[in-house]
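Chain and residue survey
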Amino acid sequence: MGLWGLATGRDGLAGDRSAWGASVSYPNDPWQASASYRRIGDGFDPSLGFVPRRAVEIVTGGGELRLGTPLPGVRDAVFQLHGRLVRDSLRRRESYVVFSAPFYLAFESGAGLEFNVVPYGERLVEPFPIAPDVTIPPGSYDWIRYRLEGTLASKRKVSGRLTWWFGDFYDGRLTELSGALVPRPTAAIALELTAVRNTGSLPGGRVSQDLVGARVQVNLWANLTFNSLVQYDNQSRILGANSRLRWQFHPLGELFVVYNRNREREAGRWRFASEQLLTKVQYAFRL
């Protein structure tokens, strides 16, 4: 069980400048359960940190039950139910989501098969653009989405994931198909290829979005690693690359070198968009 509270006192703030919350969890087997409550005032604005929403109450809760199964090759059958409700300062609903897993099968090999039913709710107070030419008008919306996902064991030389979301989306329909392929040629090198495709139809128009990416991780030594991510989507038409070198030169010290570069496709040609080089050194002193 936990209880926390925060308050801001910077000049210029008005309204309720406090935030507080409480939580309780029961992390056991086969049952797991948890619940939390957070209240964030309309004037809560710390100089450091990140506040997702102000003037809201956020309630979360859920549980999980793991059951053994006599099915050959299946280690566990898991049932899940989690929910999140957000209300404004007048206790009017802003949004909610209920994530349920009627079944999730965990196989002895490390693979998994899962089916989910996820109701959503949202109250929009202003137009919500989801594509360059598609905007959802203000109003209250309730819809249900479904997910079917299969995963391969991460211990294998080649693992992966295939996910299919389908069902309603606000006042229309949306289908999302995503996949990941993770080959590991050696213990020091890991690759990941990902792709996501969204297609849908709403009263405001049709939606079509594609995202592809590739990631490589190289463990040069135990204290020196290199990561690089390249990604492109057809909405922004930006090809972005993020590369990071991490060197742990001391048990208490680390050096990071990060390089970002973006190129934009315009009129059938690639042009330079942005470039950034960052370095960071951190060291912990023991007193």
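Please refer to the structure higher up on the page.
Before going into details, it helps to say that this report is about the structure given with it. (Residues numbered from 1 in each chain as written. Predicted model: local features only at pLDDT ≥ 70, side-chain atom pairs only at ≥ 80, totals over all residues. Heavy atoms only, no water.)

1. Some words on the overall build of the chain
Short version of the rule: What counts as a helix is a DSSP run of H or I of at least four residues, what counts as a strand is a run of E of at least two, and both are numbered from the N terminus. Working rule for contacts: check all heavy atoms of both residues, and any pair within 4.5 Å makes them a contact. Residue-level accessible areas treat just the shown protein chains as cover; the underlying method is Shrake-Rupley with a 1.4 Å probe.
Along the backbone of the chain there are zero helices and 18 strands. For the chain, contacts bridging at least 24 residues in sequence account for 37% of all contacts bridging at least 6. On the chain, roughly 17,900 Å² of surface is accessible, and the fraction owed to carbon and sulfur atoms is 59%.

2. Some points on the pattern of salt bridges
Stated formally: Only one rule defines a salt bridge in this text: a Lys or Arg side-chain nitrogen within 4 Å of an Asp or Glu carboxyl oxygen. Three labels apply to residues, based on accessible area from a 1.4 Å probe with only protein chains included: buried if under 20% of the type maximum, exposed if over 50%, partly exposed otherwise in between.
Across all of its chains, the model carries 21 salt bridges by this definition. Between aspartate 45 and arginine 54 there is a salt bridge whose closest N-O contact spans 2.9 Å. The class for aspartate 45 is partly exposed, based on a relative accessible area of 25%.

3. Focus: a nonpolar patch on the surface
For clarity, the threshold we go by: Only residues whose relative accessible area exceeds 30% and that take part in no salt bridge are eligible for patches, with like-charged residues grouped when within 9 Å of each other and nonpolar side chains (Val, Leu, Ile, Met, Phe, Trp, Tyr) grouped when within 5 Å.
A cluster of nonpolar side chains, contributed by Leu67, Phe79, Phe103, Leu113, Leu148, Leu162, Trp164 and Leu177, occupies part of the molecular surface with about 680 Å² of accessible area. By secondary structure assignment, the location of tryptophan 164 is in strand S11 (residues 158-169). Exposure remark for tryptophan 164: the relative accessible area of 39% places this residue in the partly exposed category.

4. Observations regarding the environment of glycine 172
As for its placement among the helices and strands, glycine 172 is situated in strand S12 (residues 172-183). The sequence separation of glycine 172 and arginine 145 amounts to 27 residues, and the corresponding C-alpha distance is 11 Å. Leaving out residues up to four positions away in the same chain, glycine 172 has contacts with Ser201 and Leu202.

5. Examining the environment of alanine 284
For alanine 284, the location among the structural elements is in the segment after strand S18 (269-283). Sequence-wise, alanine 284 and leucine 252 are 32 residues apart; in three dimensions their C-alpha atoms are separated by 5.2 Å.

6. Quick notes on the side chain of asparagine 116
Rule in force here: Polar contact is the term for a pair of N or O atoms within 3.5 Å; when the atoms are in protein, one must be able to donate a hydrogen and the other to accept it, and sequence-neighboring residues count only if both atoms are side-chain atoms.
By the secondary structure assignment, asparagine 116 is in strand S7 (residues 112-124). A relative accessible area of 0% means that asparagine 116 is categorised as buried. A distance of 3.4 Å separates a polar side-chain atom of asparagine 116 from the backbone oxygen of serine 100. A distance of 2.8 Å separates a polar atom in the side chain of asparagine 116 from a polar atom in the side chain of glutamate 114. Aside from chain neighbours lying at most four places away, what touches asparagine 116 is Phe99, Ser100, Ala101, Pro102, Arg145, Tyr146 and Arg147.

7. Re the pairing of S7
Cut-off, in case you're wondering: Note on pairing: two strands pair once DSSP finds at least 2 bridges between them.
Of the strand pairs in this sheet, strand S6 (residues 93-107) and S7 are connected by eight bridges, and their pairing is antiparallel. Residue serine 100 lies in a different strand from S7, and its bridge partner there is valine 117. Once S6 ends, the chain turns through four residues before running back antiparallel as S7, passing glycine 110 with a positive phi of about 100°. Inspection of the sheet shows S7 paired to strand S10 (residues 139-151) by 13 bridges, in the antiparallel sense. Paired with arginine 123 across the bridge in S10 is serine 140.

8. What to know about the nonpolar core
Applicable threshold: Side-chain atoms within 4.5 Å are what join buried Ala, Val, Leu, Ile, Met, Phe, Trp, Tyr and Cys residues into a set we call a nonpolar core.
If you look at the biggest cluster of nonpolar residues, it comprises 12 residues: Leu124, Ile130, Ala131, Val134, Ile136, Tyr141, Trp143, Phe169, Tyr170, Leu174, Leu202 and Val207. Secondary structure elements with two or more residues in this core: strand S8 (128-131), strand S9 (134-136) and S10. The residues touching phenylalanine 169, leaving out its near neighbours within four places in the chain, are Ile130, Ile136, Trp143, Arg145, Leu174 and Leu202. Ala19, Phe44, Val51 and Val86 belong to the second-largest nonpolar core, a separate cluster that totals seven residues.

9. A closer look at the pairing of S18
The sheet contact formed by strand S17 (residues 253-266) and S18 spans 14 bridges and is antiparallel. Bridged to glutamate 264 within S18 is arginine 271. Counting the residues between successive antiparallel strands, the hairpin from S17 to S18 contains two residues, one of them, alanine 267, with a positive phi of roughly 55°.

10. Notes on unusual backbone geometry
The omega torsion across aspartate 29 and proline 30 is 10°, close enough to zero to call that bond cis. Among the structural elements, proline 30 can be located in the loop between strand S2 (18-27) and strand S3 (31-40). Of note in this structure, arginine 91 is not a glycine but carries a positive phi near 65°. Position of arginine 91 among the secondary structure elements: in the loop between strand S5 (74-88) and S6.

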